[in-house]
Amino acid sequence: MRARWAIAGALSIGFVAAADPALAQSCSFTISSLNFGSINLAANTQFTSTATYSASCTGTGNTTVRTCPNMDVGSGGSASGNPRFLLNGATQLNFNLYQDGAYASVWGSNLWGFAGSYPSPTIDVALDSGGTGIASQTLFGQISAGQPTSPAGLYSSSFAGVQASVAYAYSTVGTCATIGTSHATTAPFTVTATNTTNCSVGVSPLNFGSTGILRAALDGTSTITVTCTNAAAYTVALDGGLSGAANPAQRKMSATITYGLYQDANRAMPWGDSVGTNTMAGTGSGLAQTFTVYGRVPAQNTPSPGTYSDTVVMTISY
């Protein structure tokens, strides 16, 4: 009898050991940082970047683990889940995280307070016969267009703790909503973007038109459009043209006809390239700012008939 009981006891121990491997199943998760890099919000366009969600699981071979990466609003916050915000001090920058490259499906959370809106994706990890498996998915980030007046600086939001909570279950039975916080762990990451100080410029030609004899002054105008990052100080300089004129009122067209460029309609303030003396200054708003260039050909000896021109280089310093 004792021998039988000893054998039974050994079989009992063996049985417990065989039924237990499910308890050894586990997963680890990482999400890489999502960095938009240097951006120019004054360009009034969208900016995109990506990060990677990675899952690594071990357990019983030839089974599947269902993972649910719940992305909350982050430290930047959100009023509705779409958009989320990146912060530079008190300044908010609209952005969001998406499950797809078409930026149509927000990557959200089954745990946040925006009921029924923007759930997390469901990402399954298939374990091989040896009981290991990995899976990954691209996390797409997009900064919205229409924010040109945002100032320069670093914008960021961090996702840690419950802000990046990954839950999982040892089978594909049930949705991520029903899995809830099962085996929840965290996969912290950050989202950053740096709005750099930039300026862009556009200009229209200045055409004095046609005339017969230069007995009287001939006037014309042109338009310069400058778009600079909000709060960026800048100057607009116009050089002396192909003749290299040091006096902005004594430029030359085709080295023959004297003309000048001015900052005012009275043609009293020449526009040149001596910063602080005869250049124009401004402060960017993130929106287009327009300046008028006033040109004048003074009365002078009339050269032979023909077309006369000059090329002036404009420089924006900021």
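See above for the structure.
Read on for a plain summary of the structure. Note that this is a predicted model, so its numbers are computed, not measured.

1. Some remarks on the overall build of the protein
Per the secondary structure count, the protein includes 2 helices and 20 strands. A compact globule built from 318 residues would reach a C-alpha radius of gyration of about 20 Å, whereas the protein, at 34 Å, exceeds it by more than 25%. Seen through its principal axes, the protein has C-alpha atoms that stretch 135 × 35 × 30 Å. Taken across its 318 residues, the protein has 38% of its residues classed as buried. Once local pairs closer than 6 in sequence are excluded, the contacts in the protein between residues at least 24 apart make up 74%. For the protein, the exposed area adds up to about 15600 Å²; of that, 54% sits on carbon and sulfur atoms.

2. What to know about empty space enclosed by the protein
One pass over the structure, following the stated rule, counts 1 cavity of 30 Å³ or more. Within this model, the largest cavity holds a volume of roughly 30 Å³.

3. Structural notes on the packing of aromatic side chains
Tallying each qualifying case throughout the model produces 10 aromatic pairs. Their ring planes at 65° and their centres at 6.3 Å tell us that Phe 208 and Tyr 259 sit as a pair that is edge-to-face. Taken as a pair, Phe 208 in the loop between strand 13 (199-203) and strand 14 (218-228) and Tyr 259 in strand 17 (residues 257-262) lie far apart in primary sequence, 51 residues in all. Of the two residues, Phe 208 and Tyr 259, both sit in the buried class. By the ring-pair criterion, three or more aromatic residues cluster together here, those being Phe 29, Tyr 53, Trp 107, Tyr 168 and Tyr 170.

4. Regarding the environment of Ser 210
As for its placement among the helices and strands, Ser 210 is situated in the loop between strand 13 and strand 14. Assessed through its relative accessible area of 78%, Ser 210 is described here as exposed. For the pair Ser 210 and Val 65, spaced 145 residues apart in sequence, the C-alpha to C-alpha distance is 80 Å.

5. With respect to the sheet that holds strand 11 (residues 185-186)
Read across the open sheet, the 4 strands follow the order 7-4-10-11; overall the sheet is antiparallel. Bordering the open sheet on either side are strand 7 (123-126) and strand 11, each of which pairs with just one other strand. Sheet topology places strand 4 (residues 64-71) next to strand 10 (residues 164-169); 6 bridges connect them, and they run antiparallel. Its bridge partner being in strand 10, Cys 68 is matched across the sheet by Ala 167.

6. Describing the sheet that holds strand 18 (residues 280-283)
Strand order in this open sheet of 3 strands is 18-15-20, and the pairing throughout is antiparallel. At either end of the open sheet lies a strand with only one pairing partner, and these are strand 18 and strand 20 (314-317). Across this sheet, the average inter-strand angle for adjacent strands is 20°, counted without regard to direction. Pairing of strand 15 (residues 233-238) with strand 18, which is carried by 4 bridges, proceeds in the antiparallel orientation. Across the sheet, the residue bridging to Val 236 is Met 280, located in strand 18.

What counts, and where the lines are drawn
Residues numbered from 1 in each chain as written. Predicted model: local features only at pLDDT ≥ 70, side-chain atom pairs only at ≥ 80, totals over all residues. Heavy atoms only, no water. Helix = DSSP H or I, 4+ residues; strand = E, 2+ residues; numbered from the N terminus. Rg over C-alpha atoms; globule rule 2.2 N^0.38 Å. Buried < 20%, exposed > 50% of the residue type's maximum accessible area, 1.4 Å probe, protein only. Contact = heavy atoms within 4.5 Å. Areas by Shrake-Rupley, 256 points an atom, 1.4 Å probe, with all protein chains shown as cover. 1 Å grid on protein atoms, 1.4 Å probe; cavity = no way out; pocket = protein on both sides within 12 Å on 5 of 7 lines; lining within 4 Å. Points joined across faces, edges and corners; volume = space filled by probe spheres on them. Phe/Tyr/Trp six-rings, centres within 6.5 Å; stacked < 30°, edge-to-face > 60°. Pairing = 2+ DSSP bridges. Axes fitted to C-alpha atoms, helices over the stretch in contact; angles between N-to-C directions.

Purely spatial values, then, with no claim about function.
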